[in-house]
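Given next are the chains, with one letter for each unit.
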Amino acid sequence: MLGLIGGPLVAASGVAVMLDLIERGSTLQGVATIPEFIWELSLGIYLIVKRFTPPPNQAGAESGPVARGNGS
């Protein structure tokens, strides 16, 4: 949910800066980035804790080209 809320907030604050409605680096822009920052931080921590392991059904999969028929 934080990513779904934070993304539009960051985009809206960027548009507000471009339209000169708020100053670049203002407090409002900083507050708008907090949900996105928390989302990115939590995703990184989650992936580190889970050790980037592949799903169990792909752990033993062979790497290489897949043999396919000639289509006839």
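Residues numbered from 1 in each chain as written. Predicted model: local features only at pLDDT ≥ 70, side-chain atom pairs only at ≥ 80, totals over all residues. Heavy atoms only, no water.

Engineer: Teacher, can you tell me more about the overall build of the protein chain here?
Structural biologist: Tallying secondary structure elements over the protein chain gives three helices and zero strands in all. Roughly 6300 Å² of accessible area belongs to the protein chain as shown, and the carbon and sulfur atoms make up 65% of that amount. (Helix = DSSP H or I, 4+ residues; strand = E, 2+ residues; numbered from the N terminus. Areas by Shrake-Rupley, 256 points an atom, 1.4 Å probe, with all protein chains shown as cover.)

Engineer: It is not clear to me how helix H1 (residues 2-18) should be interpreted in this structure. Could you clarify?
Structural biologist: An α-helix turns once per 3.6 residues; consequently, residues spaced three or four apart project the same way. Between its first and last C-alpha atoms H1 spans 24 Å; for 17 residues at 1.5 Å apiece the expected length is 24 Å, and the two agree. Looking at H1, one finds that the buried residues are Gly6, Ser13 and Ala16. Angular distribution of buried residues about the axis of H1 spans 90°; they occupy a single face of the element. In H1, those exposed residues whose orientation departs by more than 90 degrees from the buried face are Leu4 and Met18. In this structure, the buried side of H1 is in contact with helix H2 (27-32) and helix H3 (34-50). Downstream of H1 by a residue or two, Asp20 has a phi angle that is positive, lying close to 60°. (Expected span 1.5 Å × (residues − 1). Buried < 20%, exposed > 50% of the residue type's maximum accessible area, 1.4 Å probe, protein only. Arc of directions from axis to C-beta. Contact = heavy atoms within 4.5 Å.)

Engineer: Help me understand unusual backbone geometry in this model?
Structural biologist: Most of the time, phi is negative for any residue but glycine, and the peptide bond is trans. The phi angle at Asp20 is positive, at roughly 60°, despite the residue not being glycine. Relative to the helices and strands, Asp20 resides in the loop between H1 and H2.

Engineer: It is not clear to me how the packing of H1 against H3 should be interpreted in this structure. Could you clarify?
Structural biologist: The description of two packed helices rests on the angle between their axes and on the distance between the axes. Running from N to C, H1 and H3 point in directions that differ by 135°, and their axes come no closer than 7 Å. Taken together, H1 and H3 sit at an angle that is classed as oblique. Taken as a pair, H1 and H3 cross one another with a handedness that is left-handed. Contacts between H1 and H3 involve Leu2, Gly3, Gly6, Gly7, Leu9 and Val10 from the former and Pro35, Glu36, Ile38 and Trp39 from the latter. (Axes fitted to C-alpha atoms, helices over the stretch in contact; angles between N-to-C directions. Parallel < 35°, antiparallel > 145°, perpendicular 65-115°, else oblique. Left-handed = near helix turned anticlockwise from the far one by under 90°.)

Engineer: Mind showing me how you'd approach the side chain of Gln29 here?
Structural biologist: Considering the arrangement of structural elements, one finds Gln29 in helix H2. A distance of 2.7 Å separates the side chain of Gln29 from the backbone nitrogen of Gly25, its partner in a polar contact. Dropping the residues within four chain positions of it, Gln29 is found in contact with Ser13, Val17, Ile22, Glu23 and Arg24. (Polar contact = N/O pair within 3.5 Å; in protein donor to acceptor, adjacent residues only side chain to side chain.)

Engineer: Would you mind showing me how to read H3 here?
Structural biologist: Its 17 residues give H3 an end-to-end C-alpha distance of 24 Å, which sits within 8% of 24 Å, the value for a rise of 1.5 Å per residue. In the segment just after H3, Arg51 is the residue with positive phi, at about 65°.

Engineer: Teacher, can you tell me more about a nonpolar patch on the surface here?
Structural biologist: Nonpolar side chains collect at one region of the surface, where Leu2, Val31, Ile34, Phe37, Ile38, Trp39, Leu41, Leu43, Ile45, Tyr46, Leu47 and Val49 lie side by side and expose about 1100 Å² of accessible area between them. What makes Leu47 partly exposed here is its relative accessible area of 31%. (Patch = residues over 30% accessible without salt bridge, like charges linked within 9 Å, V, L, I, M, F, W, Y side chains within 5 Å. Salt bridge = Lys/Arg side-chain N within 4 Å of Asp/Glu carboxyl O.)

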